Amino acid sequence: MFAVDGRLRSGAPTIVGVLNVTPDSFSDGGRFANVDEAIACGVAMVDAGAHWIDVGGESTRPGAAVVDGADELARVIPVIEGLASRVAGRALISIDTYKSTTARAALQAGARVVNDISAGVLDAGLLSVAAAFDAPVVLGHLRGQPATMMDHVHFDDVVAEVVAELQARVEAARAAGCHHIWVDPGIGFGKRLPQNLALLRHLRAMREALQAPMMVGVSRKRFIGELTGQAASDRGYGTAAALALAVDAGVEALRVHDVAPARDVVAVASAIARA
């Protein structure tokens, strides 16, 4: 799992709790717009078994509007500051952003990790910010902007192309001075159902090719709804199935909305994989 000092350690996968402080996220938009409610939710996720809380102030669902940097800061900084004192020594806090200014302010406020869905493509300065703080950085795979990423989806070989593009971003992060690098294949980010399934089927091979710890986010994603016919709030069982496969593939971190069920999935799937 991920230790609270920000380093990778061996063991069962890290559970990353999703804390969106946005009005328009695909699954829980507006639910935690109040600072006190958001902080309480983050603490509850840690109590339920999360090792890491990922705080985001801008929805990156398909078609989402870009949020002004000042508005994003106003949403996330009070939450990070409040959480930092409440979960110190128990869990990490990350900032889910592609903006370097937001990343810097969040790290100054108590976040320890930067999670960028674009791997520094949308704002190259973000990698330098992470390096300056010696912060672990999660490099997500994304082509284009969240608002338009589903307009022209095309891959000849999605696994090979995602691996190659992430490898290029890993090299860019190293060149910027980052020492603690994670990768995320970007399930649902500019990929349709066939591409998402192919990536999930080849997670182990991708991890081995990239030689970096991996975080995967499948929680309540659209592809689960396409397979089950369920609304976002009712995709728990489908999420659990995808999480179990990710655990079996050796994925080091699982980004989830529902921490307690994910904890049980990890416990059982990890025990089976080890056996």
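Described in the following lines is the structure provided in the data block. Just so it is clear, the structure is predicted and the values come from calculations on it, not from any experiment.

Overview of the overall build of the chain
Secondary structure assignment for the chain yields 10 helices and 8 strands. Its C-alpha atoms give the chain a radius of gyration of 17 Å, near enough to 19 Å, the size a compact globule of 275 residues would have. Based on the C-alpha atoms only, the size of the chain along its principal axes is roughly 40 × 35 × 35 Å. A total of 275 residues make up the chain; the buried ones form 55% of that total. As displayed, the chain has an accessible area near 11,200 Å², and 52% of this comes from carbon and sulfur atoms. Of the charged side chains in the chain, 25 are positive and 30 negative, and the gap between their average positions amounts to 4 Å.

Observations concerning the packing of helix H4 (residues 125-132) against helix H5 (residues 158-176)
The contact between H4 and H5 brings their axes to 8 Å, and the two run at 50 degrees. As summarised for this structure, H4 and H5 are arranged oblique, according to the angle between their axes. In the packing of H4 onto H5, the handedness of the crossing is right-handed. Residues Leu127, Ser128 and Ala131 of H4 lie in contact with H5, whose contacting residues are Arg169, Ala172, Ala173 and Ala176. The class makeup of the residues in the contact of H4 with H5 is 5 nonpolar, 1 polar and 1 charged.

What to know about the pattern of salt bridges
If you walk through the whole model with that rule in mind, you get 10 salt bridges. Note that Asp54 is salt-bridged to Arg255, the shortest N-O span being 2.8 Å. Highlighted residues: Asp54 in strand E2 (residues 52-56) and Arg255 in strand E8 (residues 253-256), separated in sequence by 201 residues. Residue Arg255 is classed as buried on the basis of its relative accessible area, which comes to 17%. Glu58 is the salt-bridge partner of Lys99, the closest N and O atoms lying 2.4 Å from each other. Here Lys99, found in the loop between strand E3 (92-96) and helix H3 (100-109), pairs with Glu58, found in the loop between E2 and helix H2 (69-86); they are 41 residues apart in sequence, far enough to count as distant. Across the pair, exposure class does not vary: Lys99 and Glu58 are buried alike. One continuous salt-bridge network, built from bridges that share partners, spans Asp54, Asp96 and Arg255.

Examining helix H6 (residues 193-201)
Within H6, the full set of buried residues consists of Gln195, Asn196, Ala198, Leu199 and Leu200. In this structure, the buried side of H6 is in contact with H5, helix H7 (203-210), strand E7 (215-217) and helix H8 (222-228).

Focus on the pairing of strand E1 (residues 14-20)
With 7 of its 7 residues buried, E1 lies for the most part within the structure. Across the two faces of E1 the burial is the same, with Thr14, Val16, Val18 and Asn20 and Ile15, Gly17 and Leu19 all buried. The pairing of E1 with E8 spans 4 bridges and is classified as parallel. Bridge pairing in E8 links Gly17 to Val256. The pairing of E1 with E2 spans 5 bridges and is classified as parallel. Looking across to E2, one finds that Leu19 is bridged to Val55.

Cut-offs and rules
- Residues numbered from 1 in each chain as written.
- Predicted model: local features only at pLDDT ≥ 70, side-chain atom pairs only at ≥ 80, totals over all residues.
- Heavy atoms only, no water.
- Helix = DSSP H or I, 4+ residues; strand = E, 2+ residues; numbered from the N terminus.
- Rg over C-alpha atoms; globule rule 2.2 N^0.38 Å.
- Buried < 20%, exposed > 50% of the residue type's maximum accessible area, 1.4 Å probe, protein only.
- Areas by Shrake-Rupley, 256 points an atom, 1.4 Å probe, with all protein chains shown as cover.
- Lys, Arg positive; Asp, Glu negative; His and termini not counted.
- Charge placed at Lys NZ, Arg CZ, Asp CG, Glu CD.
- Axes fitted to C-alpha atoms, helices over the stretch in contact; angles between N-to-C directions.
- Parallel < 35°, antiparallel > 145°, perpendicular 65-115°, else oblique.
- Left-handed = near helix turned anticlockwise from the far one by under 90°.
- Contact = heavy atoms within 4.5 Å.
- Nonpolar A, V, L, I, M, F, W, Y, C, P; charged D, E, K, R; others polar.
- Salt bridge = Lys/Arg side-chain N within 4 Å of Asp/Glu carboxyl O.
- Pairing = 2+ DSSP bridges.

Remember, this is a structural readout, not a statement about activity or role.
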